[in-house]
Amino acid sequence: MVRVAHIHMSGCTGCLISLADTYEKLLDILGAVELVYALTLSDEKTEITETNDKILIERKIPENIDIALVEGSVCLDDHHSLDDILTTRKNSKIVVALGACAASGGVTRFARGGQMSQPSHSAFVPIGDVIKVDLALPGCPPSTESIVNLIMAALNGDMEYLEPFAEIAKYGKDACGCDVIKGVIDMSLCMGCGTCASACQVKAIDMIDGKPNIMTEFCIKCGVCGAQCPRIRFPKVVQKIE
Ligand code: SF4
Ligand code: SF4
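Okay, so let's go over this structure. As the structure is a prediction and not an experimental result, all values here were calculated from the model.

1. Details of the site of ligand 2
And then number 1: Taken together, Cys176, Gly177, Cys200, Val202, Ile205, Cys219, Ile220, Cys222, Gly223 and Cys225 make up the full set of residues adjacent to ligand 2.
And then number 2: Looking at side-chain class alone, the shell around ligand 2 contains eight nonpolar, two polar and no charged residues.

Structure (structure tokens):
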């Protein structure tokens, strides 16, 4: 049985909720995997010890994880966060950056610290800045279908389906609306289909004269517009066909 873990870093649990939104498909997935760690759903790997009237709760990320679904970014000012992400990499065959915060930082890119009760917590980075990531799925949250398809492809070893997600893991850590500007519009590849505008969950893109206009002040750096654009991988696809 494939051992799957959900690792919660500096995220909002929205990615896990998106996965749970699959309803009966989630039951199919759970029938095909062993969920070995998911703090939101299970505490069986948590160790609680009592010493000198103190209760110590230790999270134990298990060994031999096949697929780790990591949600949220890493707070560089929080050693627990750093320990968790390093342990996850050490213990996992495939690490998936699930959602914008893990993949590209997302809204946590705007964190500047100065808030109670941890004003020193100011720097949040995508997990790929700290560890090697195998697959990255952008979105805030990623759609239910995209999560299910990615998990099923990973379970089935469908490398062709997974290829774009492996690419995003390597190059997508600084995602923003500028991805479609630099990678598509400025390359004369935009065909004005409007997919990026439809995909943007905060409506930071509108179409003007058939071309996307990115309102960067609204962009939450989720990376979806670039990932969804049918032209962003166009040169590579053509190269492959040739
Ligand atoms: S999705 Fe890509 S091709 Fe379509 S309008 Fe947006 S940038 Fe252009
Ligand atoms: S423009 Fe929209 S879809 Fe693109 S990265 Fe920003 S928030 Fe995400």
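2. Considering the pattern of salt bridges
And then number 1: For the structure shown, the criterion picks out eight salt bridges.
And then number 2: A salt bridge links aspartate 134 to arginine 89; the shortest N-O distance between them is 3.0 Å. Taken together, the residues span a long stretch of sequence, with aspartate 134 in the loop between β8 (124-125) and β9 (135-137) and arginine 89 in helix α3 (residues 79-91) at a distance of 45 residues.
And then number 3: Aspartate 134 gets classed as buried once you look at its relative accessible area, which sits at 18%.
And then number 4: Overall, the relative accessible area of 18% leaves arginine 89 in the buried class.
And then number 5: We note a salt bridge from glutamate 167 to arginine 233, for which the minimum N-O separation is 3.0 Å. A residue pair is termed long-range when its members are at least 10 positions apart, and glutamate 167 in helix α6 (residues 159-171) and arginine 233 in the loop between α9 (224-228) and α10 (234-241) qualify at 66 residues.
And then number 6: By relative accessible area, which is 18% here, glutamate 167 ends up buried.
And then number 7: Ionic contacts of the salt-bridge type, sharing partners, join the residues Arg89, Lys132 and Asp134 into one network.

3. Describing the packing of helix α2 (residues 24-32) against helix α5 (residues 144-156)
And then number 1: Between α2 and α5, the least distance of the axes is 11 Å, while the angle of their chain directions is 20°. Judged by the inter-axis angle, α2 sits roughly parallel to α5. When you trace α2 past α5, the crossing you get is left-handed. Here α2 contributes Lys25, Ile29 and Ala32 to the contact with α5, which in turn contributes Val148, Ile151, Met152 and Leu155.

4. Structural notes on the site of ligand 1
And then number 1: Not every one of the 14 residues close to ligand 1 is listed here, only the nearest: Cys190, Cys193, Gly194, Cys196 and Cys229.
And then number 2: Elements represented by at least two residues in the shell around ligand 1 include exactly α7 (178-185) and α8 (195-199).
And then number 3: For the shell around ligand 1, the residue count by class is 10 nonpolar, three polar and one charged.

5. Topic: the pairing of strand β11 (residues 211-214)
And then number 1: Of the two faces of β11, the one lined by Pro212 and Ile214 is fully buried and the one lined by Lys211 and Asn213 carries no buried residue.
And then number 2: The pairing of strand β10 (residues 205-208) with β11 spans four bridges and is classified as antiparallel. Note that in β11 the partner of isoleucine 205 across the bridge is isoleucine 214.

6. Brief notes about unusual backbone geometry
And then number 1: The amide bond that connects methionine 116 to the next residue, serine 117, takes the cis arrangement and shows omega of 5°.
And then number 2: Structurally, serine 117 can be placed in the loop between α4 (100-104) and β8.
And then number 3: Each neighbour pair has its own omega, and for cysteine 140 with proline 141 the value is -5°, a cis peptide bond.
And then number 4: At aspartate 209, a position not held by glycine, the phi torsion is positive, near 50°.
And then number 5: Given a relative accessible area of 79%, aspartate 209 falls into the exposed group.

What counts and what doesn't
Residues numbered from 1 in each chain as written. Chains lettered and ligands numbered in written order. Predicted model: local features only at pLDDT ≥ 70, side-chain atom pairs only at ≥ 80, totals over all residues. Heavy atoms only, no water. Near = heavy atom within 4 Å. Nonpolar A, V, L, I, M, F, W, Y, C, P; charged D, E, K, R; others polar. Salt bridge = Lys/Arg side-chain N within 4 Å of Asp/Glu carboxyl O. Helix = DSSP H or I, 4+ residues; strand = E, 2+ residues; numbered from the N terminus. Buried < 20%, exposed > 50% of the residue type's maximum accessible area, 1.4 Å probe, protein only. Axes fitted to C-alpha atoms, helices over the stretch in contact; angles between N-to-C directions. Parallel < 35°, antiparallel > 145°, perpendicular 65-115°, else oblique. Left-handed = near helix turned anticlockwise from the far one by under 90°. Contact = heavy atoms within 4.5 Å. Pairing = 2+ DSSP bridges.

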